[in-house]
Structure formats: structure tokens, C-alpha cells
Amino acid sequence: MEPDPRPSLAVWKFASCDGCQLTLLDCEDELLPLTDRVRITHFLEMSSAEDSRERATLEGTGPYDLSLVDGSITTAEDVRRVHHIRRISRRLVTIGACATAGGIQALRNFADVAEFRAAVYADPEYIATLDTSTPISAHVPVDFELRGCPIDRGQLLEVITAFLAGRKPNVSGHSVCFECKRRGTTCITVAQGIPCLGPVTHAGCGALCPAYGRGCYGCFGPMVQPNLEAMVRELRHDGMSERDIVRVFRTFNAASPEYGPVPELAAQEAPETPAEEEPR
Amino acid sequence: MSHRGSRVLRLDALARVEGEAALHLAVRDGTVAEARLRIYEPPRFFEAFLVGRGHGEPPDITSRICGICPVAYQTTACQAIERACGVTVDEPLVELRRLLYYGEWIESQSLHIHLLHAPDFLGHPSAVELAREHRAAVERGLRIKQAGNAIMEQLGGRAIHPINVRIGGFYHVPAPAELAPLADRLCRAHDDALETVRWVAGFDFPDAEYHGPLMAMRDPGRYAIDSGTPAVMAAGVGSNGSTPVRALPVEEFERHVVERQVPHSTALVSELDGHHYLTGSLARYAVSGRWLHPSALDAAREAGLGDPATGAVCRNPFRSIIVRAVEVAHAVAEALRIIDAYEPPSRSYVAVPPRPATGCAATEAPRGLLYHRYAMDADGTLTLARIVPPTAQNQSAIEDDLRRQVQSRLDRPGEPPGDEELTALCERAVRNHDPCISCSAHFLDLTVERG
């Protein structure tokens, strides 16, 4: 048999909702043509072929030319597994907010996990979990991080084709505001006073929320070098309370280091007019 | 192996399901001693970190429990909070929500049929290999799936974790011209869906029967998805036309459905009045089959499911693929009906002012009944969140189904089955139920123990 000339692609999952790897299956028009160019050798959600069972053994049949990693690291076994995946992957790309920033499950990083465990499970001692949810880059070197909760289909295809062609993906780090302008959406903050995280949020969604009359809630995480001080001041001006400001940043990309100063900024900012004390 | 009938089988990672789980099967002296579904998906603690959030947040946050059925989470969360706040949403907004939910149904069910389940019947490891032999069928499936995604993208903003849903309704209600282009796509999808019913009806179905109770939402006159009351069809009721169904008011759900923790799983295991039970396509078809859209009713009859108009029940889990295909035809027809009749509502949402209260709701995620309950204080800060997802409810029934199917294979005369055959049988048995594992962790490796 002739060797298969197609590069190999593996898709791996850690703690997540599966939405980012599902994005690959959502490429309905491109899925079958893509498989003519790429050998999808490990993708548990899509295939029961023997290669797909690599998780069990950790003995890996790689190497894989490109590994896409979905999900964050929340167990000691997953720490070991991600190191193995790095060893058997020529290129490793994280897909989505969980793999890139710890995901919504990183809310545990600000709380007592023992309490979380006890709130959900009657016998918490059976549940093996780390105190933190961390991005893949906290454990192994990553070649590229694709943002979003969930990632954008077009960006995913761009990243796969770029890596297979050996070039850098054309995904820029500017803000959602750029996309809003490109889309021709009137600024909802300027026109309607709706609080919007667009100025500090990483582009990629195509500025969806403002187009639907809703402020951006930051599901793509921080842009490159966000001006959080100005953002927090603006959110205050648009009527958000300290608690709401902290909450909106502490959601799908809660553990992004860029968001670290937010609680302090939200607390320092003196409101222009005396506002009612928040209950907590 | 000391005895021909004693062994242990392990399957460390179940493929073609949403999320991650393992199986452990112990056979002693030719009898299945243990069949365990081990959900090892790491816990993500949604119920814990919802506490302290605002009452407007659960639709966005709980959608992140599952990328395959976010609308089920959004819809159920909205309904539970609206009920707590004593708010009734305008009927045109309810219809729009239903349209979004049909979009998810079409997308998710056709994903399961074509990409996850059909390869089992045609002997392929994945849809990619399946497409080499049945390219037209896979492309047809992807086309239907795309129609569902198109609804979610247009109405919800995107197919995964839609952004246009809020408690009380939507951020933006579409103009008729925004929905009109979906109609052409859905007309094609309706033909494709009926063709899919005929395609899957021709598969070879092993004999199997799930005898236990079935639970699904019931709303007489309608194939209930986002409305109605949980209802239970008793164990053993067959397709004899008489189908006694017991209603279980959603407020009493937690009195009947009790979750308990088992050491082998991060998913809590549910029991209904102390027994395992099944939710999902077989349960919905049993409880509501008579109220399918006429085109889907005809398709069900032609596909050999019996006449749902007279209360036919399908208890063969392998045939759930036909039921799902019929449900897709129904969802497409209903989505078309809503789009044809659409007039923009006068307001995009109804205000939902908080009050100290508790509210619960249940709807039909594609994989089965999903229940939410929230309590909040006067300013809308959540003080409690309870979420009972379909796969956690189905876990015991799936284990019972596994035990039965493996035992029936072991009891068959002739050459005893090898580990490989048993593993394949177990995987198929689990995939029949379309488990959604990320949802339930709070799932498959197979271990067969023969000792």
C-alpha cells in the first residue's frame, strides 16, 4: 500500500463543553473536502477507529502533524496527558476559551474547590480534581492559541489550513470594535448607552452581539494589550455596578491574566454621582 | 481465562459520543455480574458557581455546559427564572424560542444520525469512511444539519452558544425578511429528512427491548419539546394502543427523581421513584408520537414504527435512529410553519424583575428531559441552582440495557463472543442512547472482568 501523503490531524479534549471540537463537525460544507487533504487520525467524537482510543494507553501512536486541543486542565491525570500529547504532536494549537484561558471552570480559581465539590456531590472524596482550571499553555509550549467561547468556524479553518501550509494563521489580535466598524454596526454604547466590552475584547466573532442590540460580553477574551482602566471607567459611566463589572469579566475567560486588575479598578473608581451602596 | 464464560472487559474511551466515558463489564460463569458506565469527564461545578450570580446570567452560563445542546440549557433556564419571577412571556416570543429550539433539534439529531450513529449499522468507524461508500447520504445529512445551524445562526447569532437569548425573550427579534431565506433551505431539508427516514429504516436492526419506564414532556395536542408536563409511561407498556401515562408536575420532579452519587462516575445517577428509567427519543415517541406533524407521522408509519396516531411505542434502542430521523422531519416541518406564519412581535422581550422566589422548568433536550431549578433573593442574586441533565437520568437505564444485551448475546447457542465482539456490542448499545457526557458530569473506557 502506498503511504498516505496527507498530513495527520488529532483532536483532543479536556474539561469543556465539546463546543469547540464540535465546530469542526459544524463545517458542513468543508468537512468532507477537508478530509481529502487531511487525515483525521484521532478524533474520539467523530471516529471509533483504533487510533482514536489513544487516551486510554498514553502510549500514543503519533506523531501527529497537528493537534487541536479543546478544554482546560483540571485533574492530575490530565496534566500527565497533556504532556504526552505535546510529545506526540509536531504542532499544538489550543482551540477555545477553556484551552486558552482556563474556561468558565476557572471560576473555581477564585473559590474554595472543597466547597464547590461539597455543593454538587454528596461524597466529595470520590471526586478527583485540582484546585484550579488552567490553560494548556500553563503546562506545555503551545504553537498557537485560537480564542473564543466558542471558536469561530472560519478562524478554525484558517488555522488548520495555515498550519498545514506551514504559514502563520491570519488571525489578528485587535478588538471587537474593529469588526463592528467593518460590519457597519452603529456603536451601541455611543448611540444607546449600552455597556459593551467590545473595546477590550479579542476579535473573531464578527461583532455578533452589538449587531443583535446587545453589548459584547467578552466571550473571546482579552485583545492584545487591552486598556482596562479606560474600559472599567466607561462601564461605570454606562451604569454598571462594581459587582456587575467584576462578574462580566469573571465569566468565560475568568482566569485571563489581563483581567487580573479588574476587581481593584472596579473598586477604586469613584462614581461621578453618589450611587446606592451595593448589597455586597 | 479459567472458564469460557468468565472475563473482564475494559473499554477506556467510548467513541462517537459527546464527551468522555469508560465501560466496565464483569462476566462470571457466563453471567453479566456488573455493567458500569464510568463517566470520567472532569467535574465543572456549574451548580456551585451559579450561586452568587445575577438572575439574568443562567441562559449564557448554562449554555456552556454543552456545545451540542446549548439552546436546551438556555430555554430551560429562561423558563425556570421566568416562572420564579411570575412572568409570562408573550406567545409570539414563545414561538420564536421554539423555532430556535427546532434549529438545535435539527442540527443535533442529524449530527447523531449521520456522524455518530449510522456508521455502526454500516460497519464503518466514522462518517468519513462511511462517506466513501455512501457519500450522497452523508452529504444529505450534512445538508440537513446545516439547515438547523442556519436557523440558530440567523435567530441566535451563532450555532454554538447563541448570543440572542435573554430571560423574557430576545435581544433582537428578526424582521420577516431575515427569516425568509431559511424557508427555501428548510423545504429542501424536509425532503432530505424524509429521505433519511427511508434510509435508516432500511438498516439491519438487532433484536433488543428496553422494558423500563419512559419519561418525557407531555403537552396534549403537541409533540412536546419546550412545553408541557413531565409524564411517565410505566414499565413494560407495549405497542398495544393503550398507553397509560402518569403526569408528574414539574414542581414535584425532585420528589420523584432522586440523584445519588456512585463511586465510579462523576455524573450523579438518577432514579425515578427508586427505579431506572429512560428519557429521550424513545420516551418522547411513546408519550407524544400521536401528535407528530402529519408528514412525520406518515414517515413513521412507512418506516415500520407502527402507527403513532394509535399510540405505537418503540422499545428497541437500536431503532432510536429511525425515531430521531422522524423527529428531524417533524422539527423541519414545524420550523417551516413558524417561519411561514411569522410576524415580528411588538416587543423583543418581557421585563423579568427579580423577587425572592424559586422556580423550576423542564424541556426536551435532543437527548432527553432536562430539568433546572433556581432560587434567588430580592435583588436577583441566585442562592441555589439545580440542574438534572438527560444523560445523568439515563445512566442507570443504559447500564441495565448493556447488561441485558450482553447477557442475551452470552446466552445465544454457538461460539461464545470474543472481547472484540462484546466491546463493539457495548459501544453500540451506549451510542443508541446518544449520551451527552459533558452535560452529565457532574461519562466511556470498557473494562470486561471475567473471573
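Only a predicted model underlies this, so the values are computations on that prediction, with no experimental measurement involved.

## Topic: the overall build of chain A
Helices and strands together make up the secondary structure of chain A, namely 13 helices and 5 strands. Considering chain A as a whole, with its 280 residues, one finds that 57% of them fall into the buried category. Of the contacts formed within chain A by residues at least 6 apart in sequence, a portion of 70% connects residues at least 24 apart. On chain A, roughly 11,800 Å² of surface is accessible, and the fraction owed to carbon and sulfur atoms is 51%.

## Things to note about the overall build of chain B
Summing up its helical and strand segments, chain B has 14 helices and 14 strands in all. Here chain B has a C-alpha radius of gyration of 21 Å; the compact-globule value for 451 residues is 22 Å, and the two agree. Oriented by its inertia axes, the alpha-carbon framework of chain B measures out at about 70 × 45 × 40 Å. Put simply, chain B has 451 residues, and 69% of those count as buried.

## Concerning unusual backbone geometry
Residue and element names in this part refer to chain A. Cysteine 149 connects to proline 150 through a cis peptide bond whose omega is 5°. Its place among the elements puts proline 150 in the loop between strand E5 (144-146) and helix H7 (153-165). Notably, aspartate 18 is not glycine yet its phi reads approximately 75°, a positive angle. Looking at the secondary structure, you find aspartate 18 in the loop between strand E1 (8-13) and helix H1 (19-25). Since its relative accessible area comes to 0%, aspartate 18 is described here as buried.

## Things to note about helix H6 (residues 113-120) of chain A
Val113, Phe116, Arg117 and Val120 of chain A are the residues of H6 of chain A that are buried. Within H6 of chain A, the buried residues cover an arc of 95° as seen down the axis, which keeps them to one side. Within H6 of chain A, the exposed residues directed more than 90 degrees away from the buried face are Glu115 and Ala119 of chain A. Structurally, H6 of chain A contributes buried residues whose contacts are with helix H1 (46-50) of chain B.

## Points about the packing of helix H4 (residues 91-122) of chain B against helix H11 (residues 320-340) of chain B
All names here are of chain B. Interhelical geometry of H4 versus H11 gives an angle of 150° and a closest axis separation of 9 Å. Accordingly, the angle class assigned to the pair H4 and H11 is roughly antiparallel. Relative to H11, the crossing made by H4 is left-handed. Classifying every residue of the contact of H4 with H11 by side-chain character gives 15 nonpolar, 6 polar and 6 charged.

## A word on the interface of chain A and chain B
Counting from both sides, the interface comprises 66 residues of chain A and, opposite them, 74 residues of chain B. Both sides of the chain A and chain B interface together cover about 5,700 Å² of buried area, and 59% of this is carbon and sulfur. On the chain A side of the interface with chain B, the three residues burying the most area are Glu28, Leu32 and Tyr212 of chain A, jointly 13% of the side's total. Here chain A and chain B share 6 salt bridges between them.

## Some remarks on the pairing of strand E3 (residues 31-39) of chain B
Residue and element names in this part refer to chain B. Bridging between strand E2 (residues 21-28) and E3 involves 3 bridges; their strand directions are antiparallel. Opposite arginine 28, over in E3, you have threonine 31 as the bridge partner. As consecutive antiparallel partners, E2 and E3 are separated by 2 residues, and within that stretch aspartate 29 has a phi angle of approximately 50°, a positive value.

## Overview of the environment of glycine 228 of chain B
Residue and element names in this part refer to chain B. Along the chain, glycine 228 turns up in the loop between strand E6 (214-218) and strand E7 (229-233). Given a relative accessible area of 36%, glycine 228 falls into the partly exposed group. For glycine 228 and threonine 363, which are 135 residues apart along the polypeptide, the C-alpha to C-alpha distance reads 8.2 Å. For glycine 228, the contacting residues outside a window of four places in its chain are Met217, Arg218 and Asp219.

## Some words on the nonpolar core
Core analysis: the biggest nonpolar cluster contains 200 residues, and Leu68 and Phe249 of chain A together with Leu99, Leu186, Ile321 and Tyr374 of chain B have the highest contact counts within it. For this core, the leading source of residues is H4 of chain B, giving 15 residues. Filtering out sequence-adjacent residues up to four positions away, leucine 99 of chain B remains in contact with Ile151, Leu155, Leu179, Ala335, Ile338 and Ile339 of chain B. Counting 15 residues, the second largest nonpolar core, distinct from the first, contains Met215, Met217, Val250 and Cys360 of chain B.

## Let's talk about the confidence of the model for chain A
On average, chain A scores 88 in pLDDT, and the residues at 70 or more come to 88%. Mean pLDDT per element in chain A: helix H3 (residues 54-57) of chain A is the minimum at 44, and helix H10 (residues 208-211) of chain A is the maximum at 98.

## Things to note about the side chain of threonine 76 of chain B
Residues and elements named next belong to chain B. By secondary structure assignment, the location of threonine 76 is in helix H3 (residues 70-84). For threonine 76, a relative accessible area of 0% translates into the label buried. Contact partners of threonine 76, with chain neighbours within four places excluded, come to Ala361, Ala362, Thr363, Leu370, Tyr371 and His372.

## Side note on the sheet that holds strand E12 (residues 368-376) of chain B
Residues and elements named next belong to chain B. Ordered in space as E11-E12-E13, the 3 strands form an open sheet in which the pairing is antiparallel. With one partner strand each, in any of the chains shown, strand E11 (357-365) and strand E13 (382-388) form the two edges of the open sheet. Pairwise comparison of adjacent strand axes, ignoring direction, gives a mean angle of 10° for this sheet. Looking at chain direction, E11 and E12 are connected through 9 bridges and run antiparallel. Note on E12: the bridge partner recorded for glycine 359 is tyrosine 374.

## Considerations on the pattern of salt bridges
Applying the stated rule across the entire model yields 45 salt bridges over all chains. For arginine 367 of chain B, the salt bridge goes to aspartate 434 of chain B, with nearest N and O atoms at 3.3 Å. Of this pair, arginine 367 of chain B sits in the loop between E11 and E12 while aspartate 434 of chain B sits in the loop between helix H13 (419-431) and helix H14 (437-440), placing them 67 residues apart in sequence. As far as the burial class goes, arginine 367 of chain B and aspartate 434 of chain B line up, both buried. Salt bridges sharing common partners tie together Asp26, Glu28 and Arg153 of chain A together with Glu107, Lys145 and Glu153 of chain B.

## A word on the confidence of the model for chain B
Per-chain confidence: chain B averages 90 in pLDDT, with 94% of residues scoring 70 or above. For this predicted complex, the interface confidence reaches an ipTM of 0.92, while the overall pTM sits at 0.93.

## With respect to the sheet that holds strand E3 (residues 64-70) of chain A
Backbone hydrogen bonds hold the strands of a sheet together, and the pairing may be parallel or antiparallel. Residue and element names in this part refer to chain A. Read across the open sheet, the 5 strands follow the order E2-E1-E3-E4-E5; overall the sheet is parallel. If you trace the sheet from one side to the other, it starts and ends with strand E2 (39-43) and E5, each paired once. If you compare each strand with its neighbour and ignore which way they point, the axes differ by 25° on average. Bridge count for E1 against E2 is 4 bridges, and the pairing is parallel. If you follow serine 8 over to E2, its bridge partner there is arginine 39. Strands E1, E3 and strand E4 (89-95) of the sheet are contacted by helix H4 (residues 76-87), whose axis makes an angle of about 130° with E4. In the packing of H7 onto the sheet, the strands contacted are E3, E4 and E5, and the crossing angle to E5 comes to about 165°.

Scoring rules and cut-offs
- Residues numbered from 1 in each chain as written.
- Chains lettered and ligands numbered in written order.
- Predicted model: local features only at pLDDT ≥ 70, side-chain atom pairs only at ≥ 80, totals over all residues.
- Heavy atoms only, no water.
- Helix = DSSP H or I, 4+ residues; strand = E, 2+ residues; numbered from the N terminus.
- Buried < 20%, exposed > 50% of the residue type's maximum accessible area, 1.4 Å probe, protein only.
- Contact = heavy atoms within 4.5 Å.
- Areas by Shrake-Rupley, 256 points an atom, 1.4 Å probe, with all protein chains shown as cover.
- Rg over C-alpha atoms; globule rule 2.2 N^0.38 Å.
- Arc of directions from axis to C-beta.
- Axes fitted to C-alpha atoms, helices over the stretch in contact; angles between N-to-C directions.
- Parallel < 35°, antiparallel > 145°, perpendicular 65-115°, else oblique.
- Left-handed = near helix turned anticlockwise from the far one by under 90°.
- Nonpolar A, V, L, I, M, F, W, Y, C, P; charged D, E, K, R; others polar.
- Buried area = accessible area lost by both parts, 1.4 Å probe.
- Salt bridge = Lys/Arg side-chain N within 4 Å of Asp/Glu carboxyl O.
- Pairing = 2+ DSSP bridges.
- Core = buried A, V, L, I, M, F, W, Y, C linked by side-chain atoms within 4.5 Å.
- pLDDT = per-residue confidence, 0-100.

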